[in-house]
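So you can see what is in the structure, the chains are spelled out below.
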2 protein chains.
Amino acid sequence: MKIAVLGTGMVGRAIADRLSTLGHDVVIGTRDVQETLARTEPDWLGNVPFAQWQQAHPAVRLVSFSDAGAHGEVVVNATPGTVSVAALEAAGAANLAGKVILDVALPLDMSEGMPPLLAVANTDSLGEQIQRAFPEARVVKSLNTMLADTMVDPSRIPGQHNVFVAGEDADAKATVKSLLSEFGWPDEAIIDLGGIRGARGTEMYSRLLFTVSAELGTYDFNLAIVRK
Amino acid sequence: MKIAVLGTGMVGRAIADRLSTLGHDVVIGTRDVQETLARTEPDWLGNVPFAQWQQAHPAVRLVSFSDAGAHGEVVVNATPGTVSVAALEAAGAANLAGKVILDVALPLDMSEGMPPLLAVANTDSLGEQIQRAFPEARVVKSLNTMLADTMVDPSRIPGQHNVFVAGEDADAKATVKSLLSEFGWPDEAIIDLGGIRGARGTEMYSRLLFTVSAELGTYDFNLAIVRK
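Residues numbered from 1 in each chain as written. Chains lettered and ligands numbered in written order. Predicted model: local features only at pLDDT ≥ 70, side-chain atom pairs only at ≥ 80, totals over all residues. Heavy atoms only, no water.

Further remarks concern the overall build of chain A. Secondary structure summary: chain A contains 10 helices and 11 strands in total. Whereas a compact globule of 228 residues would reach a radius of gyration of roughly 17 Å, chain A reaches 16 Å, a difference of no more than 12%. Here chain A holds 228 residues, and 57% of them are scored as buried. Sequence-distant contacts in chain A: of pairs separated by 6 or more residues, those separated by 24 or more amount to 73%. When the accessible surface of chain A is split by element, carbon and sulfur atoms take 51% of a total near 8,800 Å². Side-chain charges of chain A comprise 18 positive and 27 negative groups, with the mean position of each set lying 4 Å from the other. (Helix = DSSP H or I, 4+ residues; strand = E, 2+ residues; numbered from the N terminus. Rg over C-alpha atoms; globule rule 2.2 N^0.38 Å. Buried < 20%, exposed > 50% of the residue type's maximum accessible area, 1.4 Å probe, protein only. Contact = heavy atoms within 4.5 Å. Areas by Shrake-Rupley, 256 points an atom, 1.4 Å probe, with all protein chains shown as cover. Lys, Arg positive; Asp, Glu negative; His and termini not counted. Charge placed at Lys NZ, Arg CZ, Asp CG, Glu CD.)

A word on the side chain of serine 20 of chain B. Relative to the helices and strands, serine 20 of chain B resides in helix H1 (residues 10-21). With residues near it in sequence (within four places) discarded, serine 20 of chain B still touches Val26, Ala59 and Val60 of chain B.

With that settled, consider the relation of the copies chain A and chain B. For these two chains of identical sequence, chain A goes onto chain B by a turn of 180° and a shift of 0.0 Å along the axis, with RMSD 0.0 Å. Within this description, the copies of the chain are treated as partners about a two-fold rotation axis. A shared binding surface is used by both copies, with 100% of the interface residues of chain A retained as interface residues in chain B. (Least-squares fit on C-alpha atoms with pLDDT ≥ 70 in both.)

Chain A puts 37 residues into the contact, and the matching count from chain B is 38 residues. Summed over both partners, the interface of chain A with chain B buries about 3,500 Å², with 64% contributed by carbon and sulfur atoms. Applying the counting rule to chain A against chain B returns 2 salt bridges. Residue glutamate 112 of chain B is joined to arginine 197 of chain A by a salt bridge in which the shortest nitrogen-to-oxygen separation is 3.0 Å. Across the contact surface, chain A and chain B share 9 residue pairs in polar contact (both at pLDDT 80 or more). Where the side of chain A that touches chain B is concerned, the elements lending two or more residues are strand E7 (117-118), helix H10 (199-216) and strand E11 (221-227) of chain A. Tallied by class, residues from the side of chain A that touches chain B come to 16 nonpolar, 11 polar and 10 charged. (Buried area = accessible area lost by both parts, 1.4 Å probe. Salt bridge = Lys/Arg side-chain N within 4 Å of Asp/Glu carboxyl O. Polar contact = N/O pair within 3.5 Å; in protein donor to acceptor, adjacent residues only side chain to side chain. Nonpolar A, V, L, I, M, F, W, Y, C, P; charged D, E, K, R; others polar.)

Further remarks concern the nonpolar core. Residues and elements named next belong to chain B. Of all hydrophobic cores here, the largest spans 33 residues; its most connected members are Val5, Ile15, Leu143, Leu180 and Trp185. Ranked by residues supplied to this core, first place goes to helix H9 (residues 170-183) with 5 residues. Those residues in contact with leucine 180 that lie beyond four places of it in its chain are Ser142, Leu143, Val163, Val165, Trp185 and Ile190. (Core = buried A, V, L, I, M, F, W, Y, C linked by side-chain atoms within 4.5 Å.)

Attention now moves to the sheet that holds strand E1 (residues 2-6) of chain A. Residue and element names in this part refer to chain A. Across the sheet, which stays open at both edges, the 8 strands sit in the order E3-E2-E1-E4-E5-E8-E9-E10 with mixed pairing between neighbours. The sheet is open, and its two edges are formed by strand E3 (61-64) and strand E10 (190-192), each paired on a single side. For this sheet, the mean inter-axis angle between neighbouring strands, taken without regard to orientation, is 25°. (Pairing = 2+ DSSP bridges. Axes fitted to C-alpha atoms, helices over the stretch in contact; angles between N-to-C directions.)

The next thing to look at is the sheet that holds strand E1 (residues 2-6) of chain B. All names here are of chain B. Strand order in the open sheet made by the 8 strands is E3-E2-E1-E4-E5-E8-E9-E10, with mixed pairing throughout. Each end of this open sheet is capped by a strand with a single partner; those strands are strand E3 (61-64) and strand E10 (190-192). Strand-to-strand twist in this sheet, taken as the mean axis angle between neighbours without regard to direction, amounts to 25°. Examined bridge by bridge, E1 and strand E2 (residues 25-30) share 5 bridges and lie parallel to one another. Across the sheet, the residue bridging to valine 5 is isoleucine 28, located in E2. Along the sheet, H1 makes contact with E1, E2 and strand E4 (74-77), crossing E2 at roughly 160°.

This is the structure:
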């Protein structure tokens, strides 16, 4: 499948790498290709410059947001949540019409440091904002409740743990569930939260995720819903 | 230990019953004792009228908020979150000074129906509001991430799952952890989130809890943090 991943950070790289390894035709979209390739310093999370990552992952092509929007049958939003709508606008509303947008982003507001605030919460969510901004696209919120490494390889966390999907379009959710299955998520681990409003639940959970992470000193965990 | 539980609903009853069975000297506090006892209809969740519950639990005495505040060495806030500060004011700031307030409430705003909004979130939390309103009390947020039955009997959910504590005072958290231990929570299931600001994480998780509950058709689950 032709898939575009928007965002050159840790999450975008992990998803693009995994999808490419699985045999998909993957591009990563960025605002300014030359600027992204010109970076020579690790990012604030210590990830190597993109050009260095690119050398190790030649099958994944770096393109503009617009070219990414044209390429992807599925468009994965892995940009920072506060710039996601702008990135998707650059990808092109016409390009996105009818397509699945897999939104894995969190609308983190770092103005008070860690744990982050949310730029939108409670009465709205990033997933809903994106669906409203691109009414002809079919937005599915998923994977935004865990570390990038776990998103694309759930078997690295032992035992039963969960991933959520939320979105208005059943076919789009089926497409995303199929990708989750390729990543290694068992069917019974996928909890369908209904419409895109379910994004509020998974985005607001991130406050607990970051607080737990600070106390445990690791992001290497995932949430499980344990039933009676 | 002398314990006061504020709130006559499902959560207050479950905690009072369990603490009383464990041998504690337990009162339940309410705004108006006569009014609470005069109710003859089940509440909106289908719980029997308090007078009927009282007959089956004679060791738990119903008293005013003020008498409850005077009685409890530990005061459990199990009132609706939007009236919790008022209930604690009725219990008396002087009564609460120096005492442990175990806050298990959620600041649910039902104005849009289910799943509820939060009356406070993201930049503040109910736990923090209570600590600010009663600076001489020692507030510990805990147990607000699950069904009342699970709070007081974690063994009803199989396997590993978690409960959180957040608060500024280490001795107060030790007192709460001791009560959690009496309820049956293993030490390794208790995750300390640091200061009372950690309440934001557990309160904001409630949006996911209510959304998952609606999709699964049950509250009979709990969250587990599964580590690598």
